[in-house]
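Spelled out from the first residue to the last, the chains are:
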Amino acid sequence: MLDFIYYPVSWILWFWHRVFGFAFGADNGLSWALSVVFLVFTLRLVLYRPFVRQVRTTKQMQELQPQIKELQKKYKNDRQKMALEMQKLQKDHGFNPLMGCLPILAQVPVFLGLFHVLRSFNRTGHGFGQLGMDPYTNAHTPNYVFNADDVQSFLSARIFGAPISAFITAPADELLAFADYGGIPSKVSIAAVAIPLMIIAAIATHFNARASVARQSAEAAANPQAALMNKLALWVFPFGVLVGGPFLPIAILLYWVSNNIWTYGQQHLVFGRMAKEEEDKRQAKAAKQAENAPKPGAKPVDTRKKPVKADSETDSDSAEAGKAEANGSAAAKPTAKSGGKQSGQRRSSGQKRPGNRGRANQKRRR
């Protein structure tokens, strides 16, 4: 039913087992353990870009919280209108809520696929999803892309004396599958490997959640739903690893530990780059403002445009003054024809001076 998940997971695990089996030996427990670890790294590398989008989407959602609260307050009595306005807000800002949970949703089928493939190396159980094979039939039956030799190699692999497909609560009849391939392991040897991995996985889960919560804004942390999810991530999920660890194969615990280690490093890398981008933007903005600011000791220059009307009035006044000056200078200089006795002379005020004014005064004096 889920072969489209099981086969890709099997192919990746098969590839890394060939790589590390060439270096350490096909039956070596380290080869199989590193194959599981690098299976996780490969899948997380494929999901790197969606993870970056998830981080940016989460940050954008925190920035939109004030506007979302305003819409919720404004349309609290109209659910349909509020939903339309929320969709419009998300569309205007290019916000896609699906990107916030896509990496997590993509890891769920990977986890289930790896769990099924690893469990299918030992099909001697009689529980849910088991086939109830006898040890011989199980060891000589292929497991997806793995042939019978690979199945026997997996059964022979040990980490500190514990098969990586064994788990603490495994029934005794399932442990019989390892009898011809390294002997039946004891519960003590399985617990000695599984319990430290469970503790490491729980601590890594807690610190990953703590790092995520520390980067949340105050408004986002105050949201009741976000506060509930933070508590679940900080305490319930790590406790769930401790409770469910005894029921998980050692290989799945290796998956959990390596997945949390990758997440911790990836978060610091992505958030560090985003912080650097924001710092570069702030510096560019500050540099631009510094370029536009006047230099120390320099007089600020008013770059505002003067009104066009005032300029036209000044130009017209200057033109009239120039005409008046030109007329005045022309009236002051006598022409050659009149010989300085032209009768139509004008006063400085622009009025005509009578031509016989001087003669009448001379006669009166005589």
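Details of the structure are given in the entry above.
Remember, predicted model here, so these are calculated numbers, not experimental data.

Criteria and cut-off values
Residues numbered from 1 in each chain as written. Predicted model: local features only at pLDDT ≥ 70, side-chain atom pairs only at ≥ 80, totals over all residues. Heavy atoms only, no water. Patch = residues over 30% accessible without salt bridge, like charges linked within 9 Å, V, L, I, M, F, W, Y side chains within 5 Å. Areas by Shrake-Rupley, 256 points an atom, 1.4 Å probe, with all protein chains shown as cover. Salt bridge = Lys/Arg side-chain N within 4 Å of Asp/Glu carboxyl O. Helix = DSSP H or I, 4+ residues; strand = E, 2+ residues; numbered from the N terminus. Phe/Tyr/Trp six-rings, centres within 6.5 Å; stacked < 30°, edge-to-face > 60°. Buried < 20%, exposed > 50% of the residue type's maximum accessible area, 1.4 Å probe, protein only.

Engineer: I would appreciate a short explanation of a nonpolar patch on the surface in the present structure.
Structural biologist: Taken together, the side chains of I195, I199, I203, F207, F239, L242, V243 and Y264 define a hydrophobic patch exposed on the protein surface, amounting to about 740 Å² of accessible area. It is helix α10 (residues 187–214) that provides the largest number of residues to the nonpolar patch, a total of four residues. For F207, the location among the structural elements is in helix α10.

Engineer: Honestly, the pattern of salt bridges in this entry has me stumped. Any pointers?
Structural biologist: A complete count under the given rule lists two salt bridges for this structure. Note that D150 and R18 form a salt bridge whose closest N and O atoms lie 3.4 Å from each other. Linking D150 in helix α8 (residues 148–156) with R18 in helix α1 (residues 3–24), this pair joins segments that are 132 residues apart in sequence. Among the ionic pairs, R282 bridges to E279, the shortest N-O distance being 2.7 Å. Taken together, the positions of R282 and E279, both in helix α13 (residues 250–292) and three residues apart, correspond to about one turn of that helix.

Engineer: For this particular structure, what's the right way to read the packing of aromatic side chains?
Structural biologist: When we look at a pair of aromatic rings, we describe it by the centre distance and by the angle of the planes. Counted by the stated rule, this structure contains 16 aromatic pairs. Here the aromatic rings of W16 and F38 are separated by 5.1 Å at their centres, their planes lie at 45°, and the arrangement is tilted. With a gap of 22 residues between them, W16 in helix α1 and F38 in helix α2 (residues 29–46) connect regions that are remote in the sequence. Note on F38: relative accessible area 28%, which makes it partly exposed. When the ring of W32 is compared with that of F154, the centres are 4.9 Å apart and the planes differ by 85°; the resulting orientation is edge-to-face. With W32 in helix α2 and F154 in helix α8, this residue pair connects regions lying 122 residues apart in the sequence. This pair shows no difference in class: W32 is buried, exactly as F154 is. Feature note: the residues F15, W16, F20, F38, F41 and W262 constitute an aromatic cluster, connected by ring pairs.

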